[in-house]
Amino acid sequence: MAAVNNLKESTLFQMANAIRALSMDCIEQARSGHPGLPLGMADVATVLFAQCMKYNPKDPTWLNRDRFVLSAGHGSMLLYALLHLTGYSSMTRDELKNFRRLGSKTAGHPEFGLAEGIETTTGPLGQGLSNAVGMAIAERIWNTKMGDVIDHHTFVIAGDGCLMEGISHESISLAGHLKLGKLILLFDDNKISIDGPTSLTVSDDQKKRFEACGWNTAEVNGHDMTAIRSVIKQAKSDTSAPWMIACKTVIGKGAPNKSGSSCIHGTPLGKEEIAAARLAIEWPHKPFVIPDDILTEWRKAGARHLDNYDSWKKKWCKLDTSKKESLKNPISSDAKKKISVNILKAKMISASGSEKKATRKWSELVIEHLLPVLPALVGGSADLTGSNNTKGKDQTVLSAENFSARYIHFGVREHSMAAAMNGMALYGGLIPYGGTFLVFSDYCRPSIRLSSLMKQRVIYVMTHDSIGLGEDGPTHQPIEHLAALRAIPNLYVLRPADGVETAECWQLAIEADSTPSILSLSRQTVDNLRHGPTVENLCAKGAYVLIETSGKRDVTLIATGSEVGLASEAADKLKNFNINAAVVSMPSMELFRRQSSNYRATVLGDVPRVFIEAGIQAPWFEWMEKKDYFIGLIDFGASAPAEKLFDHFGLTSDAVISAVKRTLDS
């Protein structure tokens, strides 16, 4: 380790130039990419990876490694070059040559799961920084549980764009409030954005901004490696608060004619400029060639923590097996059995109760049953705890002084909450859930989309899911939101109808280890529709026949959530007209879509159907035929009590009956 730390400045600069050369060559070959950041931050990244950061390319998932997040994901070649140079086996020279090609590990923006060493998917600016906040929270949680077996830093490289995005302020504020002293942000302060100098659009004093949020700050010449090393060392040693280090850099450094200008941000340099850059940085080597002496130094840098790693392994091996398993697998086989038992208990309570309750209240009951048997479950809310019903009565509050707790007050920071939960899930060993109103899923949507893209088990508890929330009016009443969320691939949108279904949907969300879930829950009370619960999770099929007819079906009523009760009421009234109506509850279109065609046909039936949901029709066309009818909404809601609104917008049992008659008469 000492040998690496005592590297000559000239050697370090050549190591940095290896990053520059690989970045230029890969982007040129792809005829696409962003050379500005890799060239500009190569010196900072070299000091970080060669002298300051703890990692082991031979064991990329080492649990006590420092995490590195490239929040400015457009500069992906910086990360790919670092992974290749330090010896990550999956990042071969051939993979570098396939930069931005179909099927390669070197996507245009880093994608979690494509290659070892990529901690999260970045590209949408500000998301990586916010994921890193979640990772830093997770590190503190696990450090509290396991002591120095888990004790490391989280490093982030972010640019001007990341700090302009609104999510950055939410995340910076949260990190400062929680005093996440193991989080270090390296700000690529080059004063350039795509449109030109940042002075066109922003005049923030970033140091003062971060200081106001409780961060430690420093400035450094981003091309002075001795100074960079010194300031990172200072940040690592002072963990009183998170650190923002403003690295004053020249975008595209090394390109003599294009550096320092916006034109180098996202355009290949071109052969002539690359040739000039090679002369400027004294790099005479052919494209993709790294001289042996420089590659050797990089590989030494990648191996410098092997002794530390071996010592850690000895500590790790002495831990209790169940403790080790808890970090690697949030749901052990024993926990899974206990979860099933407690879910069944919650279902029995729901089924035996006569009192009408909102599904958000039934959700609270389920959380109470999950917390004792699922230590990995860590929840929170965006300042709506009492409305979302997301906090168990014995759940203590996580704070800067108490990371042993399991409930986070995220504040009015929906976007940051969602992104931080992604970071917590990526870290491992935790199942995060967070609550807000369904209408504010719009604030969370970019992070929800990334949950789905990265296949992370993140649970979004979205309450007040229709006009049924009442008097708060159309600004708070979700109309198009279920449709919008159902459009995201690999996302379960779960809308339970009563207490039993709520418990079943929670179980589905908990067990979905590679799919995030939305729990869409009502503010208004609903009837208990299912009594005498079975062990089988009927919601797992996506849709099922809740009420079958005694004779031949005349019509099938299909609904979700609170409207299933409305369908049941209509089916009962239709008996007075000698019309046999079956009622189908469809809590998840995604899961129903996975069932066999025979099962789907049996549930939907071969008679006319009426679909009922307090939302727009768009997602229902998949299941509808010409004679079918939809009862829902085509416009925004209004401010009034819930029962008045359902009557005003035609979401009533009488409206269903009229629709059934029209459908049968057509």
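Refer to the structure above for everything that follows.
The rules behind the values
Positions within a chain are numbered from 1, following the residues in the order the chain's sequence is written. At least 70 in pLDDT is required for a residue's local features to be given in this predicted model, at least 80 for side-chain atom pairs to be given and counted, and no such filter applies to totals for whole chains, interfaces and linings, which use all residues. To obtain the side-chain values, all non-hydrogen atoms of the structure were included, while hydrogens and water were left out. In this description a helix means any DSSP run of H or I spanning at least four residues, a strand means any run of E spanning at least two, and both kinds are numbered starting from the N terminus. All radius of gyration figures rest on C-alpha atoms, and the globule criterion is 2.2 Å times the number of residues raised to 0.38. Exposure categories follow from relative accessible area, calculated using a 1.4 Å probe and restricted to protein chains: below 20% of the type maximum is buried, above 50% is exposed, and the middle band is partly exposed. Residue contacts follow a heavy-atom distance rule, with two residues in contact if any of their heavy atoms lie within 4.5 Å. This count recognises Lys and Arg as positive and Asp and Glu as negative, with His and chain-terminal groups excluded. The location of each charge is read from NZ of Lys, CZ of Arg, CG of Asp or CD of Glu. When DSSP finds two or more bridges between a pair of strands, those strands are recorded as paired. Fitted lines through C-alpha atoms serve as axes, helices being fitted only where they are in contact, and the angles separating the N-to-C directions of these axes extend from 0 to 180 degrees. In this analysis, the protein atoms alone were mapped onto a 1 Å grid. Cavities are point sets where a 1.4 Å probe fits without being able to get out; pockets are open sets with protein on both sides within 12 Å along at least five of seven lines; lining residues have an atom within 4 Å of a point. Grid points are joined across faces, edges and corners, and a volume is the space filled by probe spheres set on the points. Gly is placed with the polar residues, together with every amino acid not listed as nonpolar (Ala, Val, Leu, Ile, Met, Phe, Trp, Tyr, Cys and Pro) or charged (Asp, Glu, Lys and Arg). Angle categories are assigned with fixed cut-offs, so that under 35 degrees is roughly parallel, over 145 is roughly antiparallel, 65 to 115 is roughly perpendicular, and the rest are oblique. Residue count minus one, scaled by 1.5 Å, sets the expected span of a helix. Two rings from Phe, Tyr or Trp (for Trp, the six-membered ring) form a pair when their centres are within 6.5 Å of each other. A pair whose planes differ by under 30 degrees is stacked, one over 60 is edge-to-face, and the rest are tilted. As a reminder, the over-ring test applies to NZ of lysine and CZ of arginine, requiring each to be within 6 Å of the ring centre and within 35 degrees of the ring normal. Identification of polar contacts relies on pairs of N or O atoms within 3.5 Å, with a donor-acceptor requirement for protein atoms, meaning one able to donate a hydrogen and the other able to accept it, and with residues adjacent in sequence counted only if both atoms are side-chain atoms. A pair is scored as a salt bridge if a Lys or Arg side-chain nitrogen falls within 4 Å of a carboxyl oxygen belonging to Asp or Glu.

Engineer: Looking at this structure, I do not really get the overall build of the protein chain. What am I missing?
Structural biologist: On a plain count of helices and strands, the protein chain comes out with 27 helices and 20 strands. In summary, the protein chain has a C-alpha radius of gyration of 28 Å against a globular reference of 26 Å for 666 residues, a match within 12%. Counting only C-alpha atoms, the protein chain reaches 90 × 55 × 45 Å along its principal axes. Split into buried and exposed, the 666 residues of the protein chain put 61% on the buried side. For the protein chain, the share of sequence-separated contacts (at least 6 apart) that also reach a separation of at least 24 residues comes to 78%. Positive and negative charge centroids in the protein chain, built from 74 and 72 side chains respectively, lie 5 Å apart.

Engineer: Honestly, the sheet that holds strand S10 (residues 407-409) in this entry has me stumped. Any pointers?
Structural biologist: Pairing between sheet strands relies on hydrogen bonds along the backbone, with the strands arranged either parallel or antiparallel. Strand order in this open sheet of 6 strands is S10-S9-S11-S12-S14-S13, and the pairing throughout is parallel. Edge positions in the sheet fall to S10 and strand S13 (492-494), since each has one partner strand and no second. Each strand of the sheet is rotated relative to its neighbour by a mean of 20 degrees, with strand direction disregarded. Summarising the sheet, strand S11 (residues 431-437) and strand S12 (residues 459-463) pair through 5 bridges and their orientation is parallel. Bridged to Thr-436 within S12 is Met-462. Each of strand S9 (377-381), S10, S11 and S12 touches helix H19 (residues 414-427); the most contacted strand, S11, lies at about 170 degrees to it.

Engineer: Whenever I open this one, the pairing of strand S2 (residues 154-159) confuses me. Can you help?
Structural biologist: On a regular strand, one side chain projects to one face of the sheet and the next to the other, so that they alternate. Most of S2 is tucked away: 6 of the 6 residues are buried. Judged by which residues are buried, S2 turns out to be covered on both faces: Thr-154, Val-156 and Ala-158 on one side and Phe-155, Ile-157 and Gly-159 on the other are all buried. Relative to strand S3 (residues 183-189), S2 runs parallel, the two being bridged by 6 bridges. Across the sheet, residue Thr-154 finds its bridge partner in S3, namely Leu-183.

Engineer: Hey, could you run me through empty space enclosed by the protein in this one?
Structural biologist: To locate leftover empty space, one rolls a probe as large as a water molecule over the atoms. Inspection of the entire model under this criterion finds 2 cavities of 30 Å³ or more. Considered as a void within the structure, the largest cavity measures approximately 90 Å³ in volume. As for the largest cavity, its lining consists of 13 residues, and the residues nearest its centre are Met-53, Phe-68, Tyr-88, Gly-117 and Glu-119. Every element with two or more residues in the lining of the largest cavity is listed here: strand S1 (67-70) and helix H5 (76-86). Across the lining of the largest cavity, the residue classes tally to 8 nonpolar, 1 polar and 4 charged. As a volume, the second largest cavity reaches approximately 40 Å³. Looking at the second largest cavity, the residues that line it are Phe-68, Val-69, Leu-70, Leu-79, Pro-110, Ile-118, Glu-119, Thr-120 and Thr-122. Sorting elements by how many residues they give to the lining of the second largest cavity places S1 first, with 3 residues. For the lining of the second largest cavity, the residue count by class is 6 nonpolar, 2 polar and 1 charged.

Engineer: Help me out: how do you make sense of the environment of Cys-162 in this one?
Structural biologist: Tracing the backbone shows Cys-162 in helix H8 (residues 160-164). Distance in space between the C-alpha atoms of Cys-162 and Leu-129 is 7.6 Å, their sequence separation being 33 residues. Contacts of Cys-162, omitting those with residues within four sequence positions, involve Ser-71, Ala-72, Leu-125, Gly-126 and Ser-168.

Engineer: For this particular structure, what's the right way to read the packing of H5 against helix H13 (residues 292-303)?
Structural biologist: Two quantities define a packed helix pair, namely the angle between the helix axes and the distance between the axes. Taken N-terminus to C-terminus, the directions of H5 and H13 make an angle of 90 degrees; their axes are 7 Å apart at the nearest point. Compared by their axis directions, H5 and H13 come out roughly perpendicular. Every residue of H13 that contacts H5 at Leu-82, His-84, Leu-85 and Thr-86 is listed here: Leu-295, Trp-298, Arg-299 and Gly-302. A class-by-class count of the residues in the contact of H5 with H13 yields 4 nonpolar, 3 polar and 1 charged.

Engineer: Looking at this structure, I do not really get the environment of Val-583. What am I missing?
Structural biologist: Considering the arrangement of structural elements, one finds Val-583 in strand S18 (residues 581-585). Judged by its relative accessible area of 0%, Val-583 falls in the buried class. Taking the C-alpha atoms as reference, Val-583 lies 56 Å from Ala-212; in sequence the two are 371 residues apart. Among all residues touching Val-583, those that are not within four sequence positions of it are Tyr-544, Val-545, Leu-546, Ile-547, Leu-557, Val-564, Ala-567, Ser-568 and Ala-571.

Engineer: In this structure, what is going on with helix H2 (residues 9-30)? I would like to understand it.
Structural biologist: Since one α-helical turn is 3.6 residues long, residues separated by three or four positions face the same way. Its 22 residues place the ends of H2 32 Å apart at the C-alpha level, agreeing with the 32 Å of an ideal helix rising 1.5 Å per residue. Of the residues one or two after H2, Arg-31 is the one with positive phi, at around 55 degrees.

Engineer: Is there a simple way to explain the sheet that holds strand S6 (residues 216-221) in this structure?
Structural biologist: An order of S1-S2-S3-S7-S6 is seen for the 5 strands of this open sheet, with the pairing classed as parallel. Among the strands making up the open sheet, the edge pair consists of S1 and S6. When strand polarity is set aside, the average angle formed by the axes of neighbouring strands in this sheet is 20 degrees.

Engineer: I tried to follow unusual backbone geometry on my own but got confused; where do I start?
Structural biologist: Glycine aside, negative phi is the norm for most residues, and most peptide bonds take the trans geometry. Phi angles above zero are rare outside glycine, and Arg-100 is one such case at about 65 degrees. Within the element layout of this structure, Arg-100 appears in the loop between helix H6 (93-97) and helix H7 (127-146). At Asn-490, a position not held by glycine, the phi torsion is positive, near 55 degrees. Here Asn-490 shows up in the loop between helix H21 (481-486) and S13.

Engineer: What is the right way to read the packing of aromatic side chains from this model?
Structural biologist: The relation between two aromatic rings is expressed through the spacing of the ring centres and the mutual angle of the planes. Inspection of the entire model under this criterion finds 15 aromatic pairs. With a centroid separation of 6.3 Å and 65 degrees between ring planes, the pair formed by Phe-592 and Tyr-599 is classed as edge-to-face. On the basis of an interplanar angle of 50 degrees and a centroid distance of 5.4 Å, the ring pair of Phe-611 and Trp-620 is categorised as tilted. Summarising the burial analysis for this pair, Phe-611 and Trp-620 share the class buried. Clustering of aromatic rings is evident, with ring pairs tying together Phe-49, Tyr-55, Phe-68 and Tyr-88. Lying over the aromatic face of Phe-288, Lys-97 brings its terminal NZ or CZ to 5.4 Å of the ring centre.

Engineer: What's the story with the side chain of Ser-522 in this structure? I'm lost.
Structural biologist: Relative to the helices and strands, Ser-522 is located in the loop between strand S14 (517-520) and strand S15 (525-526). A polar contact of 2.8 Å, which involves the side chain of Ser-522, links it to the backbone oxygen of Gln-524. Setting aside anything within four residues of it in sequence, one finds Ser-522 in contact with Ala-358, Thr-359, Arg-360, His-464 and Asp-465.

Engineer: Would you explain the pattern of salt bridges in this entry?
Structural biologist: One side chain can pair with another of opposite charge once the charged atoms of both are near each other. Tallied over the entire structure, the rule returns 27 salt bridges. Here Arg-140 makes a salt bridge to Asp-151, at a shortest N to O gap of 3.6 Å. Taken together, the residues Arg-140 in helix H7 and Asp-151 in the loop between H7 and S2 connect sequence positions 11 residues apart. Of the residues examined, Arg-140 reaches a relative accessible area of 18% and is grouped as buried. Residue class for Asp-151 comes out partly exposed when judged on its relative accessible area of 27%. Ionic pairing is found between Asp-572 and Lys-575, a salt bridge with its closest N-O pair at 3.6 Å. When salt bridges that share partners are traced, they join Glu-139, Arg-140, Asp-151 and Lys-182 into one network.

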